[in-house]
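Summary of structural features
Next come the chains, spelled out residue by residue.
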Amino acid sequence: MKRLRLPLVLTLGALAAGCSDPPPDPPPSSETPAWQVTLDGGDLDRAVLSVWGSGPKDVFAVGGPLGNGKESLVVHFDGDAFRELSPGGDQTYWWVSGSGPDDVWMVGEEGRITHWDGSTFTEHVSGTTATLWGVWAAGKADAWAVGGTPEGGAGAPNDVVLHWDGSTWTPVTLPGMPLGRAHYKVWGTSSDDLYVVGEYGTIWHKKGAAWTLESDPPLASGTLFTVNGCGPNEVYAVGTFDVLRSDGASWQKLDVALTNGVNGVACNAPGEVVVVGFGGSKQRLGAGTWVDEFDVPPYADLHAAWADGTGTYWAVGGNFVTSSMPGAAREGIVARYGPGRIADRITP
């Protein structure tokens, strides 16, 4: 007699009738946090080098041509759509930060400083020709910018620290200057608790009116590109293959299994951190454990990250290594880690 094959659904039904095993787990919800590439080379023909926002519905991503002849790049996300703004000029912005939606600073090549008040771009005089690599604002009348000339030494514009008092950007001379080092980023909990990092593992810490070189001798093996913190007692500095952490009094090197060189770091709540770098390197710290997400998109070189304070992270980058070939093509990328999905194109 020929054996009959029961339909799969009937077979499973019969088994279920005599079995008390629980049903299988449902598929992951769309609200499960995950990485999403929101904008890529199909949307962006310039590198994206920094991202910051006053909240989840007010996010700025900036960058620029890096020599390919196009305009400086500013893209804004309002919670529903991405739109490109037009600051003018062709300098590349290397960093963006602010104190609110009507107080946003963008800094970059040739000492460029641009301010966005929520509706209008205004150019400011920096007094330097060096590239400004970083900016951070404590308030509308209190902001800091840093920069320099990599490997330029004391003979080039270097050791650059500028302060905004609400009317003028003024240079700040640090103790023992000149050291001839490029400063890459600045961050603090206030102007009385401020950090500057840069070449040769440099870490400056301003407490009150006093500046202290906390990297003498240096703990990092190379350049530190970014500094960011969850608060005064949890501050991170990253660069090359180093992840450093300060409790506000001393620094230590963390044992993080990095898959590539790192460039950016951002903090959500205490103990919740993301570190990003080359080749799509992404490491997230949560519940005391580092999670390596190198094997999920985005795979592009990532230059910077930002945390929106709700548990969501943003990361940006693309082809941002300066080429010796004039007009070299650039491609940017903007990615987001969080629940749900957001717009994935620039609205005209």
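Because the structure is predicted, anything quoted here is derived from the model rather than measured.

**Side note on the overall build of the protein chain**
A tally of helices and strands in the protein chain yields one helix and 28 strands. Counting over 348 residues, the protein chain shows a buried share of 50%. Sequence separation of 24 or more characterises 48% of the internal contacts of the protein chain that already satisfy a separation of 6 or more. Of the roughly 15700 Å² of accessible surface on the protein chain, a fraction of 54% belongs to carbon and sulfur atoms.

**Here's the deal with the packing of aromatic side chains**
Two aromatic rings, taken as a pair, are described by how far apart their centres are and by the angle between their planes. For the structure shown, the criterion picks out 14 aromatic pairs. Ring geometry for W105 against W169: centres 5.1 Å apart, planes inclined by 85 degrees, an arrangement best described as edge-to-face. Linking W105 in strand β7 (residues 103-108) with W169 in strand β13 (residues 169-171), this pair joins segments that are 64 residues apart in sequence. Each member of the pair, W105 together with W169, is buried. Measuring from ring centre to ring centre gives 5.7 Å for W164 and W169, while their planes differ by 35 degrees; the resulting arrangement is tilted. Here W164 matches W169 in class, with each residue buried. One aromatic cluster is present, built from ring pairs that chain together W94, W133, Y184 and F225. The ring of W95 has K185 sitting right over it, with the charged end atom 4.4 Å from the ring centre. The ring centre of W35 lies 5.9 Å from the NZ or CZ of K282, which sits over that ring.

**Considerations on the environment of T202**
As for its position among the elements, T202 is in strand β16 (residues 202-207). As for T202 and F225, which are separated by 23 residues in sequence, their C-alpha atoms are 9.7 Å apart. Residues contacting T202, with those up to four places away along its chain left out, are R181, V196, V197, L213, S215 and L224. Of note is the side chain of T202, whose polar atom sits 2.8 Å from the side chain of R181. A distance of 2.5 Å separates a polar side-chain atom of T202 from the backbone oxygen of E199.

**Concerning the side chain of T226**
Along the polypeptide, T226 turns up in strand β18 (residues 226-231). In terms of polar contacts, T226 uses its side chain to reach the backbone carbonyl oxygen of N263, at 2.5 Å. The contacts of T226, once residues within four sequence positions are left out, are W95, K185, V197, Y236, A237, V238, N263, G264 and V265.

**Section: unusual backbone geometry**
Residue M177 is joined to P178 through a cis peptide bond whose omega torsion reads 0 degrees. In this fold, P178 is placed in the loop between β13 and β14 (183-190). Look at the link from D216 to P217: it is a cis peptide, with omega at 5 degrees. Located in the positive-phi region is D159, a residue other than glycine, with phi close to 60 degrees. Residue position: D159 is located in the loop between β11 (142-148) and β12 (160-164). If you check the backbone angles, A287 has positive phi at about 55 degrees while not being a glycine. Look at A287 and you get exposed, because its relative accessible area is 86%.

The rules behind these values
- Residues numbered from 1 in each chain as written.
- Predicted model: local features only at pLDDT ≥ 70, side-chain atom pairs only at ≥ 80, totals over all residues.
- Heavy atoms only, no water.
- Helix = DSSP H or I, 4+ residues; strand = E, 2+ residues; numbered from the N terminus.
- Buried < 20%, exposed > 50% of the residue type's maximum accessible area, 1.4 Å probe, protein only.
- Contact = heavy atoms within 4.5 Å.
- Areas by Shrake-Rupley, 256 points an atom, 1.4 Å probe, with all protein chains shown as cover.
- Phe/Tyr/Trp six-rings, centres within 6.5 Å; stacked < 30°, edge-to-face > 60°.
- Lys NZ or Arg CZ within 6 Å of the ring centre and 35° of its normal.
- Polar contact = N/O pair within 3.5 Å; in protein donor to acceptor, adjacent residues only side chain to side chain.

These values are about where atoms sit, not about what they do.
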